[in-house]
Amino acid sequence: MGTDMQQTTHPRVERVTALYFSPTGTTRQVVLAVAQSLAQSLGRPVEEMSWTLPQERIPLSRMGPQDLLVIGFPVYAGRIPALLDPVWSTLQGNGALAVPVAVYGNRDYDDALLEAGDRLQEAGFALLGAAAFIGEHSLTSLAGTGRPNGADLDLARGFGQKLAQKLQQGEALPALHLKGNRPYKERKPQEQVRPITTEACVGCGICADHCPTGAIRHEAPQATDGGCIRCCACVKGCPMGARFFDDEGYYRIKAMLEENCRTPKEPELFGV
C-alpha cells in the first residue's frame, strides 16, 4: 500500500496540461477545476487534452521538467479503464510533475489511484499530489447523485490552489501514500454487452459522436458493434432517450449500487 520513491524539487512550471478520459463528462469537470485553478495560481496557461474518443488518443511523450500534468479517469471495477492501456503506455514524463485524479461512482476506487501513481512514476513523472472524487455512476443516478456538485468542484479548485502553493514554496516532494493494494485488483474479462435502441431513435448520430470505443457507426447508429464498455455515454447523451441496457449483468450491478452505494462519500486528497 502506498506510492514510494521520490524526494525531489522541481524548476518553475511553465505549462499545465489537463488530460482526461471522460465519456459522460464528470471526470472532465473535476480535472479542469483542479488544473485551471492550479494554473491560474501559478500564472500559467492550461492545455486541455482528451483521450475520450478513439481519434483523440494520441501519444503524450513531449513532457519535461517544466511541465505539470493533471490526468483524470473514471474508475472501472477498481482499476484504470483497460482501453487506456495502449495510450497510457506512451506517457513519458522526463521529469515532469503529475497529479492523477480518479473519479468513481460512490462505490470505491479500490486500486485505481495507486495504479495511476505507480504507472506515472514508472513513466518518469514525480507526483505533486493525487485525488479521488465522486461522480454520478453511469449505470444509475441513485449512486453519486448529481456529483460532482458545487462543493466538489470548489474543493477541486481549492486543491489546485494548495498544490500551486506547495510548488511556490519550493519544498521537496515527499512520497505520497495512496490508498490501494499491490497486486492490483484483477480485471474481469470484458463482457459482450450492447445497449438496446428503441424506435424513438431518429438517427441523429449523437451517440456515435460520443462513443469512446467507436462501437457505434454514423451510417447505422441504431446498431452497436462489439467493444461496448457500458460507459453509458450513448444512453445519457441521446436527446430522444432511445438507448438503454437490458442485460442481466446491468441489472445485477445496478441493484447492488442502489442497495449499497447511496450514502454520499467525500473526495480524498493526497499531497496537501
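For the structure itself, consult the block above.
Rules used throughout
- Residues numbered from 1 in each chain as written.
- Predicted model: local features only at pLDDT ≥ 70, side-chain atom pairs only at ≥ 80, totals over all residues.
- Heavy atoms only, no water.
- Helix = DSSP H or I, 4+ residues; strand = E, 2+ residues; numbered from the N terminus.
- Buried < 20%, exposed > 50% of the residue type's maximum accessible area, 1.4 Å probe, protein only.
- Salt bridge = Lys/Arg side-chain N within 4 Å of Asp/Glu carboxyl O.
- Polar contact = N/O pair within 3.5 Å; in protein donor to acceptor, adjacent residues only side chain to side chain.
- Contact = heavy atoms within 4.5 Å.
- 1 Å grid on protein atoms, 1.4 Å probe; cavity = no way out; pocket = protein on both sides within 12 Å on 5 of 7 lines; lining within 4 Å.
- Points joined across faces, edges and corners; volume = space filled by probe spheres on them.
- Core = buried A, V, L, I, M, F, W, Y, C linked by side-chain atoms within 4.5 Å.
- Phe/Tyr/Trp six-rings, centres within 6.5 Å; stacked < 30°, edge-to-face > 60°.
- Pairing = 2+ DSSP bridges.
- Right-handed = clockwise from strand over helix to strand, strands pointing away.

(A) Inspection of the environment of Leu 178 at higher detail. Tracing the backbone shows Leu 178 in the loop between helix H4 (150-168) and strand E7 (196-197). Leu 178 gets classed as buried once you look at its relative accessible area, which sits at 0%. For Leu 178 and Gly 271, which are 93 residues apart along the polypeptide, the C-alpha to C-alpha distance reads 9.4 Å.

(B) Structural detail: the pattern of salt bridges. Counted under the stated rule, the structure contains 21 salt bridges. Between Lys 185 and Asp 110 there is a salt bridge, with the nearest N and O atoms lying 3.4 Å from each other. Note that Lys 185 is positioned in the loop between H4 and E7 and Asp 110 in the loop between strand E4 (97-104) and helix H3 (112-122), a separation of 75 residues in sequence. On the accessibility criterion, Lys 185 (33% relative accessible area) is partly exposed. One continuous salt-bridge network, built from bridges that share partners, spans Arg 79, Asp 85, Glu 115, Arg 119 and Arg 187.

(C) Structural detail: the side chain of Asp 247. Tracing the chain through its elements places Asp 247 in the loop between strand E8 (243-244) and helix H7 (248-260). Among the polar contacts listed, one links the side chain of Asp 247 to the backbone nitrogen of Gly 249, at a separation of 3.2 Å. When near neighbours in sequence (up to four residues on either side) are disregarded, Asp 247 contacts Val 193 and Arg 230.

(D) Layout of the layout of surface pockets. One number sums up the size of the largest pocket: a volume of about 1200 Å³. Lining the largest pocket we find 39 residues, and of these Val 75, Tyr 76, Ala 77, Ile 229 and Ile 253 sit closest to its centre. Only helix H1 (26-42), E4 and H7 provide two or more residues apiece to the lining of the largest pocket. When residues in the lining of the largest pocket are grouped by element, the largest group, four residues, is from H7.

(E) Molecular detail of the nonpolar core. The biggest cluster of nonpolar side chains holds 36 residues, and the ones touching the most others in it are Trp 51, Phe 73, Trp 88 and Leu 91. The set of elements that each furnish at least two residues to this core consists of strand E3 (67-74), helix H2 (85-88), E4, H3 and strand E6 (130-134). With five residues, the single largest contributor to this core is H3. Setting aside chain neighbours within four positions, we find Leu 91 in contact with Trp 51, Leu 60, Leu 69, Ile 71, Leu 120, Ala 123 and Phe 125.

(F) Expanded view of the packing of aromatic side chains. Applying the stated criterion across every chain yields a total of five aromatic pairs. Here the aromatic rings of Phe 21 and Tyr 76 are separated by 6.4 Å at their centres, their planes lie at 75°, and the arrangement is edge-to-face. Of this pair, Phe 21 sits in the loop between strand E1 (15-20) and H1 while Tyr 76 is found in the loop between E3 and H2, placing the two residues 55 residues apart along the sequence. Taken together, the ring pairs connect Phe 245, Tyr 250 and Tyr 251 into an aromatic cluster.

(G) Structural detail: the pairing of E1. Taken across its six residues, E1 has five buried, putting it largely inside the fold. With six bridges joining them, E1 and E3 adopt parallel strand pairing. By the bridge assignment, Arg 15 is partnered in E3 with Asp 67. Relative to strand E2 (residues 46-50), E1 runs parallel, the two being bridged by five bridges. Residue Ala 18 lies in a different strand from E2, and its bridge partner there is Glu 48. Since E1 and E2 lie parallel, the crossover through H1 that links them has a hand, and here it is right-handed.

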